[in-house]
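Structure assessment
One letter stands for each residue in the lines below.
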Amino acid sequence: MSDTIVKLNVGGRLFETTETTLRYDGKDNFFSALLSERTPSLKDSSGAFFIDRDPDYFTVLLRFLRTRKLEVSGSGLTLTSLYDEALFYSLDSIADIIMEQINSAGALIGSGAGRYGLL
């Protein structure tokens, strides 16, 4: 696998990362399909892959791919929407971690410690 720079335009925000980062665990995901041209794709005028998704949620997911840490507190993003985005990108191991946090937050919400799954 090459370690080339990949340019992504997610919802109008530009990101640069490496192919290795996007293929984070060797599993088949949205990015491996995109990079191997097994899925239809659009490119913007700069040549970046255009992905019509929310860039704020993508930022959190990309940070995880880079660091293996899920850092979302204080972001104002919802766990359920982050989970949906992880599923869209076929990032199953991240989705599992998010689901654990949703279940944990549910226990906190039930005790009055949090509300509505906001991070």
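Relevant structure appears above.
Residues numbered from 1 in each chain as written. Predicted model: local features only at pLDDT ≥ 70, side-chain atom pairs only at ≥ 80, totals over all residues. Heavy atoms only, no water.

1. Some thoughts on the overall build of the protein chain
Spelled out, the test is: Put simply, DSSP H or I for four residues or longer makes a helix, DSSP E for two residues or longer makes a strand, and each gets a number counted from the N terminus. Burial classification: accessible surface area is computed with a 1.4 Å probe over protein chains only, and a residue below 20% of its type maximum counts as buried, one above 50% as exposed, and the rest as partly exposed. In this analysis, two residues are considered to be in contact whenever any of their non-hydrogen atoms come within 4.5 Å of each other. For the area figures, the Shrake-Rupley method with a 1.4 Å probe applies, and any residue is considered shielded solely by the protein chains shown.
From N to C terminus, the protein chain includes five helices and four strands. Ordered by position from N to C terminus, the α and β elements of the protein chain give β-β-α-α-β-β-α-α-α. Looking at the protein chain residue by residue over its 119 residues, the buried ones come to 38%. When contacts within the protein chain are restricted to residue pairs at least 6 apart in sequence, long-range pairs at least 24 apart make up 55% of them. With an accessible surface of roughly 6800 Å², the protein chain has 50% of that area assigned to carbon and sulfur atoms.

2. A closer look at the pairing of strand E1 (residues 5-10)
Stated precisely, the cut-off is as follows: Pairing between strands is defined by DSSP: at least two bridges between them are needed.
Two elements, E1 and strand E2 (residues 13-18), share six bridges in a ladder whose sense is antiparallel. Paired with isoleucine 5 across the two strands is threonine 18, which belongs to E2. In this structure, the hairpin formed by E1 and E2 is closed by a connection of two residues, where glycine 11 is found at a positive phi of approximately 60°. Relative to strand E4 (residues 49-51), E1 runs parallel, the two being bridged by three bridges. Residue pairing for E4: asparagine 9 is matched across the bridge by phenylalanine 50.

3. Examining the side chain of threonine 17
Within the fold, threonine 17 resides in strand E2. Ignoring any residue separated from it by four or fewer positions in sequence, one finds threonine 17 in contact with Thr4, Ile5, Val6, Leu22, Leu62 and Arg66.

4. Quick notes on unusual backbone geometry
One non-glycine residue, glutamate 37, lies in positive phi territory at about 60°. One can find glutamate 37 in the loop between helix H2 (30-35) and strand E3 (42-43). The residue arginine 68 is not glycine, and still its phi comes out positive at about 65°. Looking at the secondary structure, you find arginine 68 in the loop between helix H3 (55-67) and helix H4 (79-88). On the basis of relative accessibility, which here comes to 45%, the residue arginine 68 falls in the partly exposed class.

5. Concerning the sheet that holds E3
In a beta sheet, neighbouring strands are held together by backbone hydrogen bonds and run either parallel or antiparallel to one another. Applied cut-off: Note on method: axes are straight lines fitted to C-alpha atoms, helices fitted across the in-contact stretch only, with angles between N-to-C directions ranging 0 to 180 degrees.
Taken in spatial order, the four strands make up an open sheet running E2-E1-E4-E3, and their pairing is mixed. Edge positions in the sheet fall to E2 and E3, since each has one partner strand and no second. On top of the sheet, H3 reaches E1 and E2; it is set at about 15° to E2, its chief contact.

These figures come from the coordinates and say nothing about function on their own.
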